[in-house]
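Notes for the structure review
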Amino acid sequence: MSTAATTDALKDARIAVLGYGSQGSAHAKNLRDSGLDVVVGLRPGGASWPKAEADGFVVKSPAEAVADADLIAVLTPDMVQPTLYTESIEQQAKPGAALLFAHGFNVHFGEIKPRDDLDVILVAPKGPGALVRREFERGHGVPCLYAVHHDATGHALDKALAYAAGLGGARALLIETDFKEETETDLFGEQAVLCGGATELVQKGFEVLTEAGYKPEVAYYEVMHELKLIVDLFYEGGIARMLEFISETAQYGDYVSGPRVIDDSTKARMKDVLKDIQDGTFARNWTAEYKAGLPNYKKFKQADLEHPVEKVGAKLRSRMTWLQPKDDAEPMKKAG
């Protein structure tokens, strides 16, 4: 672990940030505000081009941005990256340049095979782009994972640490990892707990209550709305803080009923999920799904959007004026 990194290793470097979504825009702004030379690479005619120009960046096509870059930050969605690499990076990157990712998916699973003369590194902020930017502006930072996959120049580690410092991560915490660990743990967290696990838990809880005759509005508040209160306590101080702020009745229910819902059989299925990630099954299935035009993805997404908890929630949230987004709010989304 480290917090002592500086941007010195990149002080004379040109950084090409490819992609200008939530993470891309945050990275580009933070790096520039840290005194580094940043150019943004985007598809001509895309919606992000005028946004990046309005933010004061020099914007070029990806291939043009890559051609004179010393570090290339690939911050587009995972499934876009292999084609981007083939068309705009593989032949255009100059020898000794660094290829940086915020998620190791494509390198770890072999969808991208970088040239041997390139440094291949990873810097992954542990938060969405809006938070990465907001904490930087406050003079703080978001913890970052960093890794070196290939050190062609002997300076790959210095570049990774300098980039993390430019994002503001060194103000918080830098944790060394590798592409395998970052990729597999990130996918597992998303699938088993943060996204897949939480979504299914909420939906099934809502179904149990409404099928038992309780009002959908009441069920929504109990299984979805109040989840934020608990997650915020987890975020601030772990399980100990959550237990500190809930009633003794809630604590006792936690102890006796939590293991009835999430038990060893659940853990065994989580291990199956992890195995599919580790052996590449998930990556192969997801890549094939994308290449086929996302038929199952679209079906699954539509089913989630049409679930009764979403319909009830939309009506209730429309009355929660404090939830209405500000005009300048960035989506809480991460790359990868």
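The text that follows walks through the structure, step by step, so that each part is easy to find. Every value quoted in this text rests on a predicted model; they were computed, and no experiment measured them.

As a further point, take the overall build of the protein chain. When helices and strands are tallied, the protein chain shows 16 helices and eight strands. Since a compact globule built from 336 residues should have a radius of gyration of about 20 Å, the 22 Å found for the protein chain is in line with a globular shape. Over its C-alpha atoms, taken along the principal directions, the protein chain stretches across nearly 65 × 40 × 40 Å. Classification of the 336 residues of the protein chain by burial places 41% in the buried group. Partitioning the intrachain contacts of the protein chain with sequence separation of at least 6 by distance along the chain shows that 66% fall at a separation of at least 24.

In spatial order, the strands read β3-β2-β1-β4-β5-β6-β7-β8; together these eight strands make up an open sheet with mixed pairing. Two strands close off the open sheet at either side, each with one partner strand: β3 (59-60) and β8 (174-176). Bridging between strand β4 (residues 71-74) and strand β5 (residues 98-101) involves four bridges; their strand directions are parallel. Residue pairing across strands places Ala73 opposite Leu100, the latter belonging to β5. Strand contacts of helix α7 (residues 156-167): β1 (14-18), β4, β5, β6 (119-125), β7 (144-150) and β8, with the helix running at about 25° to β6, the strand carrying the most contacts.

What follows is about unusual backbone geometry. For Leu294, which is not glycine, the phi torsion reads 65° and is therefore positive. Topologically, Leu294 is positioned in the loop between α14 (281-291) and α15 (295-305). On the accessibility criterion, Leu294 (16% relative accessible area) is buried.

Moving on, we get to the packing of helix α1 (residues 22-33) against α7. Closest axis-to-axis distance for the α1/α7 pair is 7 Å, and the angle between their directions is 95°. By the angle class used here, α1 and α7 are roughly perpendicular. Together, His27, Asn30 and Leu31 of α1 and Tyr163, Gly166 and Leu167 of α7 make up the contact between the two elements. Residue composition of the contact of α1 with α7, grouped by class: three nonpolar, three polar and no charged.

What follows covers the environment of Thr86. Among the structural elements, Thr86 can be located in helix α4 (residues 81-89). Residue class for Thr86 comes out partly exposed when judged on its relative accessible area of 48%. For the pair formed by Thr86 and Lys113, sequence separation is 27 residues and the distance between their alpha carbons is 9.6 Å.

This part is about the packing of aromatic side chains. Going through the model one piece at a time under the given rule, you end up with five aromatic pairs. For the pair Phe105 and Phe109, a centre-to-centre distance of 5.2 Å together with 65° between the ring planes defines the contact as edge-to-face. Classification of Phe105 as buried rests on a relative accessible area of 1%. Since its relative accessible area comes to 19%, Phe109 is described here as buried. When the ring of Trp286 is compared with that of Tyr290, the centres are 6.3 Å apart and the planes differ by 70°; the resulting orientation is edge-to-face. In this pair, Trp286 and Tyr290 both sit in helix α14, four residues apart, roughly one turn of the helix.

It is worth spelling out the state of the cysteines at this point. Applying the stated criterion across every chain, the model contains zero disulfides. Cysteine Cys144 is unpaired, with the sulfur of Cys195 as its nearest cysteine sulfur at 19 Å.

We now examine α14. Every buried residue of α14 is accounted for by Ala283, Thr287 and Glu289. All buried residues of α14 project into a common sector of 160° when viewed along the axis, lining one side. Exposed residues on α14 whose side chains face more than 90 degrees from its buried face are Arg284 and Asn285. The inward-facing, buried residues of α14 contact α5 (105-108) and α15. Taken from the residues just after α14, Gly293 is the one with a positive phi, measuring 95°.

Conventions we followed
- Residues numbered from 1 in each chain as written.
- Predicted model: local features only at pLDDT ≥ 70, side-chain atom pairs only at ≥ 80, totals over all residues.
- Heavy atoms only, no water.
- Helix = DSSP H or I, 4+ residues; strand = E, 2+ residues; numbered from the N terminus.
- Rg over C-alpha atoms; globule rule 2.2 N^0.38 Å.
- Buried < 20%, exposed > 50% of the residue type's maximum accessible area, 1.4 Å probe, protein only.
- Contact = heavy atoms within 4.5 Å.
- Pairing = 2+ DSSP bridges.
- Axes fitted to C-alpha atoms, helices over the stretch in contact; angles between N-to-C directions.
- Parallel < 35°, antiparallel > 145°, perpendicular 65-115°, else oblique.
- Nonpolar A, V, L, I, M, F, W, Y, C, P; charged D, E, K, R; others polar.
- Phe/Tyr/Trp six-rings, centres within 6.5 Å; stacked < 30°, edge-to-face > 60°.
- Disulfide = S-S within 2.5 Å.
- Arc of directions from axis to C-beta.

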